[in-house]
Amino acid sequence: MSKMFDLTGRVAIVTGANTGIGQAIAVALAEAGADVALVGRSAADETAERIRAIGRRAAQVNADLSTIAPIKGVIERTLSELGGLDILVNNAGTIRRADAVEFSEDDWDAVVDTNLKSVFFLCQAAGRHMIGQGGGKIINIASMLSFQGGIRVPSYTASKSGVAGLTRLLANEWASKGINVNAIAPGYIATNNTAALQADETRNRQIMDRIPAGRWGEPPDLGGAAVFLASSASDYVQGHILAVDGGWLAR
Ligand code: NAP
């Protein structure tokens, strides 16, 4: 059974892997056997060290994904440094908070360009390679706001709802080509991204009260879902948005 989850010999790209969910997913994929290209605008030295300590290879690829300019180079560097590309995890993401009536164009573009536009063009670039080799695995990081509206985060909600739709569209186009396109929708996970919410006593209590599991998620809670969707265990899973949320959506 463990063979189904074995990623030995596979090469993965994880974006935004220097911290938080991306770091935990990169380490989990390496623990399952994958070599990992760590793509982002900040150095991912700690993640690279942890991957090498497991005995897998790590490559660091500098890329600011607020534009699509670096994407061609990201794929080329991964192929030249790690010798393949089997798994893409689109994790890098950002958020801006303001009332809808005051929301600026800059706050719209910054979030949608990183969370949705770059995600699509990374899928396209990786997809071209994966179609050529007859298969691959793409995992997009969605959100509870792929299902719910949220408040004061219009560009984030639009981008993460878009990620869910895009995941289904790409699954429809590429399932027959051996590519699985799925998404993970994390619930409330303790990372930099949610530091403000954790620090707000009232919001923190409201959130905790609504989570059936009774706690915030931790980044390693996402590792199992990522390995599943990256491995042959999920070969017949297509266009699915897998919530890892301590039961939040079940309420
Ligand atoms: P995080 O700790 O803030 O990590 C975000 C990652 O994205 C960082 O590596 C960050 O790099 C990278 N990133 C942001 N903008 C980028 C850009 N323009 N170019 C390249 N990399 C960029 O947050 P996280 O919670 O782990 O978030 C990871 C993903 O999970 C995001 O897509 C987020 O929307 C999603 N998510 C998180 C939660 C949660 O509760 N935490 C819930 C649902 C979904 P820097 O360090 O350089 O900024």
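Quick note: structure is the one above.
Notes on the structure follow. Just so you know, these numbers come straight off a predicted model, no measurement behind them.

Quick word on the nonpolar core
Here is step 1 of the chain: Core analysis: the biggest nonpolar cluster contains 31 residues, and Val14, Ile25, Leu29, Leu38, Val89 and Ile184 have the highest contact counts within it.
Here is step 2 of the chain: Per-element tally for this core: the top contributor is helix H1 (residues 20-31), with 6 residues.
Here is step 3 of the chain: Discounting chain neighbours no more than four positions away, the residues touching Ile25 are Val14, Val89, Ile141, Leu222 and Ala226.
Here is step 4 of the chain: Within the second largest apolar cluster, 28 residues are counted, among which are Val11, Ala59, Val61 and Trp174.

Some thoughts on the sheet that holds strand S5 (residues 136-141)
Here is step 1 of the chain: Spatially, S3-S2-S1-S4-S5-S6-S7 is the arrangement adopted by the 7 strands of the open sheet, whose pairing is parallel. Two strands close off the open sheet at either side, each with one partner strand: strand S3 (58-62) and strand S7 (241-244). Between one strand axis and the next, the sheet turns through 20° on average, direction left out of account.
Here is step 2 of the chain: Across 5 bridges, the pairing between strand S1 (residues 11-15) and strand S2 (residues 35-40) is parallel. The residue bridging Thr15 from the neighbouring strand is Val39, located in S2.
Here is step 3 of the chain: Sitting on the sheet, helix H4 (residues 105-133) is in contact with S1, strand S4 (87-90), S5 and strand S6 (179-186), with an inclination near 175° to S4.

Some details on a nonpolar patch on the surface
Here is step 1 of the chain: Taken together, the side chains of Met1, Met4 and Phe5 make up a nonpolar region of the molecular surface, amounting to roughly 310 Å² of accessible area.
Here is step 2 of the chain: Inspection of the secondary structure puts Phe5 in the segment before S1.

Topic: the packing of helix H3 (residues 71-82) against H4
Here is step 1 of the chain: At a minimum axis separation of 9 Å, H3 and H4 run at an interaxial angle of 40°. Relative to H4, H3 is oriented oblique. Regarding H3 and H4, the two cross each other, and that crossing is right-handed. Counting all contacts with H3, which are made through Ile71, Val74, Ile75 and Leu79, the residues of H4 involved are Ser118, Phe121, Leu122, Ala125, Ala126 and His129.
Here is step 2 of the chain: Each residue belonging to the contact of H3 with H4 can be placed in one class, and the counts come to 8 nonpolar, 2 polar and no charged.

Here's the deal with the packing of aromatic side chains
Aromatic ring pairs are reported here in terms of the distance separating the ring centres and the angle at which the planes meet.
Here is step 1 of the chain: In total, this model carries 3 aromatic pairs according to the counting rule given.
Here is step 2 of the chain: Ring plane angle 90° and centroid distance 5.7 Å describe the contact between Tyr188 and Trp216, whose orientation is recorded as edge-to-face. Here Tyr188, found in the loop between S6 and helix H6 (195-199), pairs with Trp216, found in the loop between helix H7 (201-210) and helix H8 (223-230); they are 28 residues apart in sequence, far enough to count as distant. For the pair Tyr188 and Trp216, one class covers both residues: buried.
Here is step 3 of the chain: When the ring of Tyr188 is compared with that of Trp248, the centres are 4.6 Å apart and the planes differ by 50°; the resulting orientation is tilted. Of this pair, Tyr188 sits in the loop between S6 and H6 while Trp248 sits in the segment after S7, and the two are 60 residues apart along the sequence.
Here is step 4 of the chain: The buried category is assigned to Tyr188, whose relative accessible area is 18%.
Here is step 5 of the chain: Here the aromatic residues Tyr188, Trp216 and Trp248 are joined through ring pairs into a cluster of three or more.

About the cut-offs
Residues numbered from 1 in each chain as written. Predicted model: local features only at pLDDT ≥ 70, side-chain atom pairs only at ≥ 80, totals over all residues. Heavy atoms only, no water. Core = buried A, V, L, I, M, F, W, Y, C linked by side-chain atoms within 4.5 Å. Buried < 20%, exposed > 50% of the residue type's maximum accessible area, 1.4 Å probe, protein only. Helix = DSSP H or I, 4+ residues; strand = E, 2+ residues; numbered from the N terminus. Contact = heavy atoms within 4.5 Å. Pairing = 2+ DSSP bridges. Axes fitted to C-alpha atoms, helices over the stretch in contact; angles between N-to-C directions. Patch = residues over 30% accessible without salt bridge, like charges linked within 9 Å, V, L, I, M, F, W, Y side chains within 5 Å. Areas by Shrake-Rupley, 256 points an atom, 1.4 Å probe, with all protein chains shown as cover. Salt bridge = Lys/Arg side-chain N within 4 Å of Asp/Glu carboxyl O. Parallel < 35°, antiparallel > 145°, perpendicular 65-115°, else oblique. Left-handed = near helix turned anticlockwise from the far one by under 90°. Nonpolar A, V, L, I, M, F, W, Y, C, P; charged D, E, K, R; others polar. Phe/Tyr/Trp six-rings, centres within 6.5 Å; stacked < 30°, edge-to-face > 60°.

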